[in-house]
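Next come the chains, spelled out residue by residue.
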Amino acid sequence: MKRFFKVTLLAVLAAMCALPSFAQGEKTIKRKVAIGRFSNETKYGKGLFYDKENDPMRKQALDLLSAKLAASEKFILLEREDLDVLVAEAGQGMNKIGADYIILGSITEYGRKDQGEQSIFSSSKTQTVEAGVSIRLVEAATGLIIYSDEAKGYAETTTKQAFGLGGRAGFDATLSDKAISAALSQLVENIINKCMDKPWKSYILSADDGSYVISGGVSQGLAPNDIFNVYKKGKVVTNPQTGIKIELPGVKIGTVTVLNSIGDTPETEISFCNYSGDPINTEKLEDYYISDK
């Protein structure tokens, strides 16, 4: 009897573990992120014929940040050749970018030093690189900075020789990569958390004969039978102290159910949906938005 009870209890526990939890069932929609202006604000490597657009350190930081964000599998990284122009326009121009968030960054510090020790039979040389990186995360829909921080990264290597034999003492170029990467690693987790904590948003692009088209598709994680909330935008008020316009929270009026998606790129993907809820004014679709929360 005891043996039967033990076996039954183990079976029940195994079945409970096999049940999907709410956390496992949560759907993650990838956010569209555009990495915009990433500049090198240091004086390192800037000679007479310095080319800002082809700055190797700027490109180095840009590639490292892109790789780290892509590795998280939570983002769709957009490449826009005209992004700097649109960012410079600010305000409503941000909405034309096609991204949920824009990342602006700069290398604020860069330094390297060599330290050596010499004895009769041996010598050693330690190379150290320090890099400082600043990041701003901008919400494209509002142009507001929702995260800003700076971090420093360090990297070093030591080369030793004995009786004239050993590693060469030339500068290790990989130290720049490692120092910048170390600084970015401290910031990327916060970037991910800030982006994922905020609700995913989409917009109604078209409404005709009961069929609704929203922005977003397969690459972001949308699939048939997914259900999202539909909100009517809140009133826009102006803060008299700052002059900044603030949109009040929207009111949920219904839901959309995804039927299918089409599109060749993340920027052009759309989804066809059914709608259920209060009537939508199809003449003013800009007054509504879709959210996963």
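The structure presented is a predicted model; accordingly, all values stated were derived computationally and were not measured.

Engineer: With reference to specific residues and values, describe the confidence of the model for the protein chain.
Structural biologist: Per-residue confidence for the protein chain gives a mean pLDDT of 79, with 75% of residues at or over 70. Here residues 1-25 scores under 50 on pLDDT; set against residues more than four positions off or in separate chains, the count is one contact. The low-confidence segment residues 90-94 (pLDDT under 50) makes six contacts with residues lying over four places distant or belonging to another chain.

Engineer: Give me the pairing of strand 9 (residues 211-215): which residues, what numbers.
Structural biologist: Here strand 8 (residues 204-208) runs beside strand 9; their pairing, made up of four bridges, is antiparallel. Bridge pairing in strand 9 places A207 opposite Y212. Counted between consecutive antiparallel strands, the loop separating strand 8 from strand 9 contains two residues, among which D209 sits at a positive phi close to 50°. Here strand 9 runs beside strand 14 (residues 270-277); their pairing, made up of four bridges, is antiparallel.

Engineer: Provide a residue-level description of the sheet that holds strand 9, including the pertinent values.
Structural biologist: Reading across the sheet, the seven strands line up as 7-15-10-13-14-9-8 and stay open at both edges, with antiparallel pairing between neighbours. Both outer strands of the open sheet, strand 7 (201-202) and strand 8, are each paired with one neighbouring strand and no more. With six bridges connecting them, strand 10 (residues 227-232) and strand 13 (residues 251-262) associate as antiparallel partners. Along strand 13, the bridge assignment pairs V230 with G254.

Definitions and limits used
Residues numbered from 1 in each chain as written. Predicted model: local features only at pLDDT ≥ 70, side-chain atom pairs only at ≥ 80, totals over all residues. Heavy atoms only, no water. pLDDT = per-residue confidence, 0-100. Contact = heavy atoms within 4.5 Å. Pairing = 2+ DSSP bridges. Helix = DSSP H or I, 4+ residues; strand = E, 2+ residues; numbered from the N terminus.

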